[in-house]
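Report on the structure
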Amino acid sequence: MKAITLEEVLALPAAYGLPREIATYAEYYGPYMQQAYFQAYVTFAYNSYYVAEVFNYVVLGSAGLIMLLGLFLRFYNHLVATRKLPNLIVAIETFLTKHMVLSAGVGKQALEPIHYFGRRAKFATIQIPIRLHSFVAFTFVGASIFVAFWRYESLLPDVWYQDLGWTASQYVRGFADRTGIISFGLTPLLVVLAGRNSPVIFMTGCSYATLQIYHRWVARMAMVHGFAHGIAYCILEGWYSIPGGENYLLECFKESYWNWGWVAVAGGFFGCTLSLRRMREIAYETFLIVHILCAILWIVGCYYHVWFLDPDYSYLKYIYGSIAFWAFDRIARLARILYLNVVAFGNKRSGKVGSVGGEGYIVGAGDYIRLRVKMSTAWPASWGGPGTYVFISSPKLNIWESHPFTITWPAGMPAHLPAASPGGKVKGPVEAFEANEVDTERTFELVLKSYSGFTGKLKKALTSGTVSLEEGGPHPVAPLKLIVDGPYGHGVDVSPFESVLLISGGSGVSATVSHLADIAKRMVKKEGRFAVRRINVVWAVRETAALDVLVPYLQRLQSICPSASEPLITLDVYSTAGQSVAATDAEKGPVGSSASSTKSGSTFASLHSLFKPLSSFVTLRTHEGRPLVGPHIDDYFPFQEKRIAVSVCGPTGLCDATREAVKERMGNQGYNAFNLVYSEESFTW
């Protein structure tokens, strides 16, 4: 290293972390030793601080650039939504869409987890997302590991390390400091990626599920670097120890800063290992509580680890930033909750349903639940469109436990005719639910699938919560006290497309109904660039009795939409009892074909009878087996000048199969990124 002056040392960037007191230190050395001291200290600061700080700034700056790019693309897509672009631009968009947005990172599974030890090892899974997200995540992980080992300068002799008697110690010390600073620098990013009110969602329009992909990888890298930081310092302190004399490593455990550092590492380790997909599936509520506790251990441990070393260390800025965003996210949640729920808890006047925060009933055999949620104030018109969701909790069940649900029937819908019942009396839960007078501007509805946990508790509350009518008879709709946090997400508008293909599996039909409701509202109010002429709804269900969920909404839509000469909706119902709803598009066939033959038994015959009053609005086609998506797309694309929107919501396998079918057609037979547009909602919470 060339000779260096004190002025040059003081002029180095702040990222070197050089104290201003270095001038005082230098006064104790002669001119020759000053040079050796400056060189050793600058080398130490470069290895320990500078590279790590620059990497942190690059990562945070890149995140900011990605958000700005996402914001630009949102405005761009809005401006060109219905405009035919030059062929060259369309060709470029088609290539990028096919190979980066629609292609899985490995194979054909982007949402369905890959079992790398076979399906019996349910804990041994990994999700490899679409190629675009895989590329970004892989680049980030590779860069963070590379920087931890990259370019360590060394001096021989080095006066800074002359007392150690171990040449490699300067590398270990640099590695220990560098990994620790990188771990700190990633902390605010992982907190931002975990928030419901994340600016990343607002600016890029990405889904919460997409955000979680990056949250997990950033958290893993923060934990790995934190763990490496601790191990490296254990090696150093162990080397300091004198054989037969004082054990510096054991002495370190008497220091507060040291113990708080290991508290943070423990929180990060258990926060990552206990958030495996299988753990979330088995006990989501337990996972959520443990995850929050581990996050608190990480933040508090990191803070006190540095504070006990030196409260003036600049690295606390990362912790302050993390705490600031966490506080902002919580305050924003509280503000939304107060805005929507402040007067939602009324009393049960005369036992009538409608004076409390919500009401609902169990559909059929109990697999599904319909909920109507009543807010204290009307939503702005732009809230609650297709693709948006809310978090629901209940003070009666567990006020600290909230779960996300897709909005099925949004607020602000036009008035519709209630379901008819003989003699005008309440006949059953459907008629009772539909007959209740509601303020459409301040109510929305959800469709839930009943599982264990929160939805199981909700089902039990509905079973035991029926009230009585003034006439004295039992009311099949039960009141509920609910707390709403939301809506979140960005709506997906399919109204500018001539043909709309809506695919769902199980309770994913809630997203389908949301799209249909939005189309009906725009059709009646003549909002936006409405172009829809044909709608194909494909619903894969294990039991056809699940159609009891959909029929009331179709009846509403029929009363809202203007009459037409032919049915607007074609409904393809696939009964997948005993099968997976996931399907590849390997075999092609006419619409109506499936993995097995079409069924015409008594079950499907009863469905056709049920849909007979809707025949002028819906054409029903029934199938047995798994849906093949490709033929449905091809059936709606006999001419190139029209556009198709394909939207899917359901299990991961169904989403993967649908995306693969769209990808296979993209760039072929006249399909391109302008006339074939894909969106998805997956069950990846």
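Below, the structure is looked at part by part. (Residues numbered from 1 in each chain as written. Predicted model: local features only at pLDDT ≥ 70, side-chain atom pairs only at ≥ 80, totals over all residues. Heavy atoms only, no water.)

Details of the pairing of strand 4 (residues 368-374)
- Burial of strand 4 is extensive: 7 of the 7 residues sit out of reach of the surface.
- The side-chain alternation of strand 4 yields two buried faces, one formed by Tyr368, Arg370, Arg372 and Lys374 and the other by Ile369, Leu371 and Val373.
- Relative to strand 4, strand 3 (residues 358-363) is paired through 6 bridges, and the arrangement is antiparallel. Across the sheet, the residue bridging to glutamate 359 is arginine 372, located in strand 4.
- With 7 bridges joining them, strand 4 and strand 7 (residues 443-449) adopt antiparallel strand pairing. Pairing of lysine 374 across the sheet is with threonine 443, part of strand 7. (Buried < 20%, exposed > 50% of the residue type's maximum accessible area, 1.4 Å probe, protein only. Helix = DSSP H or I, 4+ residues; strand = E, 2+ residues; numbered from the N terminus. Pairing = 2+ DSSP bridges.)

Re the environment of glycine 70
- Locating glycine 70 in the fold gives a position in helix 3 (residues 31-79).
- Residues glycine 70 and methionine 203, spaced 133 residues apart in sequence, show a C-alpha to C-alpha distance of 6.1 Å.
- Among all residues touching glycine 70, those that are not within four sequence positions of it are Met203 and Thr204. (Contact = heavy atoms within 4.5 Å.)

Quick look at helix 4 (residues 87-101)
- Taking 1.5 Å as the rise per residue, helix 4 with 15 residues should run 21 Å; its terminal C-alpha atoms sit 20 Å apart, in good agreement.
- Burial in helix 4 covers these residues: Val90, Thr94 and Lys98. Buried residues along helix 4 cover an arc of 60° about the axis, so they all sit on one side. Exposed side chains of helix 4 directed beyond 90 degrees from the buried face belong to Leu88 and Phe95.
- Those residues of helix 4 that are buried lie in contact with helix 20 (652-665). (Expected span 1.5 Å × (residues − 1). Arc of directions from axis to C-beta.)

Spatial relationships are all this shows, so hold off on functional conclusions.
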